[in-house]
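Each chain, written out:
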Amino acid sequence: MADTSIPAATLVLFRERAGAPPEVLMTERARAMAFAGGAMVFPGGRIDPGDHALATLIGGGADAAARIAAIRETIEEAGVAVGVTPAPSAERLATMRAGLHAGEAFADILHAAGLTLDLEALVPFARWLPDHPGIRIFDTLFFLARAPHDAAPKVDATETVRLLWTTAADMLAAADRGDAAIIFPTRRNLERLAQFDSFDAAVANARAYPVRTITPHMEVRDGVPHLCLPDDSGYPVTAEPIEAVRRG
């Protein structure tokens, strides 16, 4: 596979409920977007040079820039701040978000507000690097995190046109009914997330399957071409007929 992938990060935010399965935050991408237009996805986006610069400044592991990108993109797209210390007020968060939309550096925004980042608030969950010529290829790190208790997501009206809290099972059912569009990696991750009755259960599963790069491959099964992933990667469904797959 040619090394033309775009480094990216995404954040799966959990909202737990008493006596009910946890919900995750999902966004609907604007139909005009070049990649996954109209699809339901988790908040996230590209890892940019500023994320790497901030990671160098504050330290952290090899995935520090990805964690920073996931935090930044979730503020931009959903107006929710995870891993920001101390937790910003609604007014401060709105100012931060406006600054990001105006192109201000995340590092400068944090410094001006006297805020720091707690990168350990994010738990590594998965890494996907599809191989499908003809569309953009993202090398995406997925992280898990608890949503702040006062999270009040709001669309940015540019990249995202809708935000909703939903259980993984309900989103899969909506996609099966044709009421929502989801791409192959999102479907597989929703199927995995649907197994968990709490954030702690999701974290335990993430730690039981150390992050490895998932690159789906083609395989013919009973005469039908399937898009597949390794059977030992922690996913309950590891193959789907290629004719049913939406890739981007």
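Keep in mind the model is a prediction, meaning the values are calculated, not measured.

Participant: So what exactly am I meant to see when it comes to the confidence of the model for the protein chain here?
Facilitator: The pLDDT averaged across the protein chain works out to 92; a share of 94% of its residues lies at or above 70. For the protein chain, the element scoring lowest by mean pLDDT is strand β9 (residues 160–166), at 90; strand β6 (residues 116–117) scores highest, at 98.

Participant: Teacher, can you tell me more about the layout of surface pockets here?
Facilitator: Vacant regions in the atomic arrangement are exposed by a probe of water-molecule size rolled over the atoms. Considering only enclosed or pocket space, the second largest pocket measures out at about 390 Å³ in volume. Lining the second largest pocket are 17 residues, and of these Gly79, Ala90, Leu93, Asp150 and Ala152 sit closest to its centre. Of the residues assigned to the lining of the second largest pocket, the class counts are 11 nonpolar, 3 polar and 3 charged.

Participant: Help me understand the environment of Pro21, please; the structure alone is not making it clear to me.
Facilitator: Relative to the elements of secondary structure, Pro21 occurs in strand β2 (residues 20–29). Under the relative-accessibility criterion, Pro21 is labelled partly exposed at 46%. Distance from Pro21 to Ala194, taken between C-alpha atoms, is 8.5 Å for residues 173 residues apart in sequence.

Participant: Can you help me understand the nonpolar core in this one?
Facilitator: Nonpolar side chains in soluble globular proteins tend to end up buried together. Among the nonpolar cores identified, the biggest contains 37 residues, and Leu13, Ile75, Phe106 and Leu117 are the most heavily contacted of them. Taken together, the elements giving at least two residues each to this core come down to β1 (6–17), α1 (49–58), α2 (64–78), α3 (90–101), α4 (106–113), β8 (138–146) and β9. For this core, the leading source of residues is α2, giving 9 residues. When neighbours within four sequence positions are excluded, Leu117 is seen to be in contact with Leu54, Ile58, Ile68, Ile71, Gly83, Val84, Phe106 and Leu110. In terms of nonpolar packing, the next biggest core, distinct from the first, is built from 32 residues, Phe184, Ala202, Ile214 and Tyr235 among them.

Participant: What is the right way to look at the pairing of strand β12 (residues 224–228) in this model?
Facilitator: Looking along a regular strand, one sees the side chains alternate between the two faces of the sheet. The pairing of strand β11 (residues 217–221) with β12 spans 5 bridges and is antiparallel. Directly across from Val220, in β12, lies its bridge partner Pro225. Taking the residues that link successive antiparallel strands as the turn, the β11-β12 hairpin has 2 residues, and the phi of Asp222 there is positive, at about 55°.

Reading the values: rules and limits
Residues numbered from 1 in each chain as written. Predicted model: local features only at pLDDT ≥ 70, side-chain atom pairs only at ≥ 80, totals over all residues. Heavy atoms only, no water. pLDDT = per-residue confidence, 0-100. Helix = DSSP H or I, 4+ residues; strand = E, 2+ residues; numbered from the N terminus. 1 Å grid on protein atoms, 1.4 Å probe; cavity = no way out; pocket = protein on both sides within 12 Å on 5 of 7 lines; lining within 4 Å. Points joined across faces, edges and corners; volume = space filled by probe spheres on them. Nonpolar A, V, L, I, M, F, W, Y, C, P; charged D, E, K, R; others polar. Buried < 20%, exposed > 50% of the residue type's maximum accessible area, 1.4 Å probe, protein only. Core = buried A, V, L, I, M, F, W, Y, C linked by side-chain atoms within 4.5 Å. Contact = heavy atoms within 4.5 Å. Pairing = 2+ DSSP bridges.

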